[in-house]
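Tertiary structure, described
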Amino acid sequence: MILEDNSTDWVWLKLLCLTIIAALTFEHSQFDIRISELFYSHGQWLIQKDVQPYAFIFYDGPKTLLILLALYLITVLILKYRQSLHSTFTTNSSKLRKLIIPLSTREISYLLTILIVVPTSIALLKGVTHVSCPNHLTLFGGSLPYLNVWQNIVADTPAKCFPAAHASAGFSLYGLVFLPTLKKYRYRIFESVTVLGWTMGLYKMLFGDHFFSHTLVSMLLSLTIACALATFFFKDSIMKKSKSANSNKRHADSSLPDIETSNT
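This part takes up the nonpolar core. Judged by nonpolar contacts, the single largest core of 42 residues is most densely connected at Tyr 110, Tyr 174, Phe 178, Leu 179, Leu 216 and Met 219. Of all the secondary structure elements, the ones that give two or more residues to this core are α1 (11-27), α3 (54-85), α5 (105-129), α7 (165-171), α8 (186-206) and α9 (212-263). The dominant element in this core, judged by the number of residues it contributes, is α9, at 11 residues. Look past the residues within four positions of Met 219 in its chain and what remains in contact with it is Phe 171, Tyr 174, Thr 194 and Trp 198. Grouped together as the second largest cluster of nonpolar side chains are 13 residues, Phe 39, Ala 55, Phe 140 and Tyr 203 included.

Take a look at the structure:
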């Protein structure tokens, strides 16, 4: 439903409500603690932080690739802008197209915006919620008590672990799901991005940097932002397609009597 073209403008609001419900559900249950206990045994987490090659594969590598993607999109925008200014250079344009992804300027701008806005929004929330990581808590060998979000905000603890920022970098690729050009691949993209984000999130969970809900909320919030901005960026094109479809349908309906008459 969320991925369909005829989604309403308020789907992002439904996703936001789902995000809040998920956060409150896990906060007032023992799900998070039970899941983290699977990764913590005899005073040790399954893996240690910054241990190689895991840190490179699941942290430094994906982070670097996403930064390179953002830089590439910026470069493509500049090239497209220069191409529009110098449209007379037709001989070079064909060679240039081979190096440029087949997306419109609006789509590239949207994707670049998502790659920036999603991690930034999550990082800002982390600074407000002050939620502790599992490895900070007395439950898992730390020194801080387990508190809910509101209690952490009031206590103003130095911790900044909710939502999961590292996973949000992977989930920011949900922007690809809403690109009109990639419409026929959107379900595969959705699945791939979900796997990528959860792989990045699970890596942090293995050494107690995040609870399960931290990654879940990060995923839902990333999808919410991607959906909301897609409504803003592509609203005109969606409305034009809808009007065109309705017009074609009316034209087809109006031609039916003529066809029937000619057949009698």
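Moving on from the model shown.
Once that is clear, we can look at the packing of aromatic side chains. Counting across every chain of the model gives 18 aromatic pairs. Seen in terms of ring centroids, Trp 10 and Trp 12 are 6.2 Å apart; in terms of plane orientation they differ by 35°. Their pairing is tilted. A relative accessible area of 53% places Trp 10 in the exposed class. For Trp 12, a relative accessible area of 26% corresponds to the partly exposed category. Put simply, the rings of Phe 26, Phe 31, Phe 171, Tyr 174, Phe 190, Trp 198 and Phe 212 pair up and form one aromatic cluster.

For the rest of this paragraph, the subject is the pattern of salt bridges. Evaluated as defined, the whole model comprises three salt bridges. In this structure, Arg 34 and Glu 37 form a salt bridge, with 3.6 Å as the shortest nitrogen-oxygen distance. Placement of the pair is Arg 34 and Glu 37 together in helix α2 (residues 31-37), with a separation of three residues, close to one helical turn. The class of Arg 34 is partly exposed, set by a relative accessible area of 47%. On the basis of relative accessibility, which here comes to 40%, the residue Glu 37 falls in the partly exposed class. Here Lys 49 ties to Asp 209 by a salt bridge, and the two come within 3.5 Å at their closest N and O atoms.

With that out of the way, let us pick up α5. In an α-helix, one turn spans 3.6 residues; hence positions three or four apart end up facing the same way. Under the 1.5 Å per step criterion, the end-to-end length of α5 is 36 Å for 25 residues, consistent within 8% with the ideal 36 Å. Within the span of α5, buried status applies to Glu 107, Ile 108, Tyr 110, Leu 111, Leu 112, Ile 114, Leu 115, Val 118, Ile 122, Lys 126 and Thr 129. One or two steps after α5, the chain reaches His 130, where phi turns positive at roughly 55°.

Reading the values: rules and limits
- Residues numbered from 1 in each chain as written.
- Predicted model: local features only at pLDDT ≥ 70, side-chain atom pairs only at ≥ 80, totals over all residues.
- Heavy atoms only, no water.
- Core = buried A, V, L, I, M, F, W, Y, C linked by side-chain atoms within 4.5 Å.
- Buried < 20%, exposed > 50% of the residue type's maximum accessible area, 1.4 Å probe, protein only.
- Helix = DSSP H or I, 4+ residues; strand = E, 2+ residues; numbered from the N terminus.
- Contact = heavy atoms within 4.5 Å.
- Phe/Tyr/Trp six-rings, centres within 6.5 Å; stacked < 30°, edge-to-face > 60°.
- Salt bridge = Lys/Arg side-chain N within 4 Å of Asp/Glu carboxyl O.
- Expected span 1.5 Å × (residues − 1).

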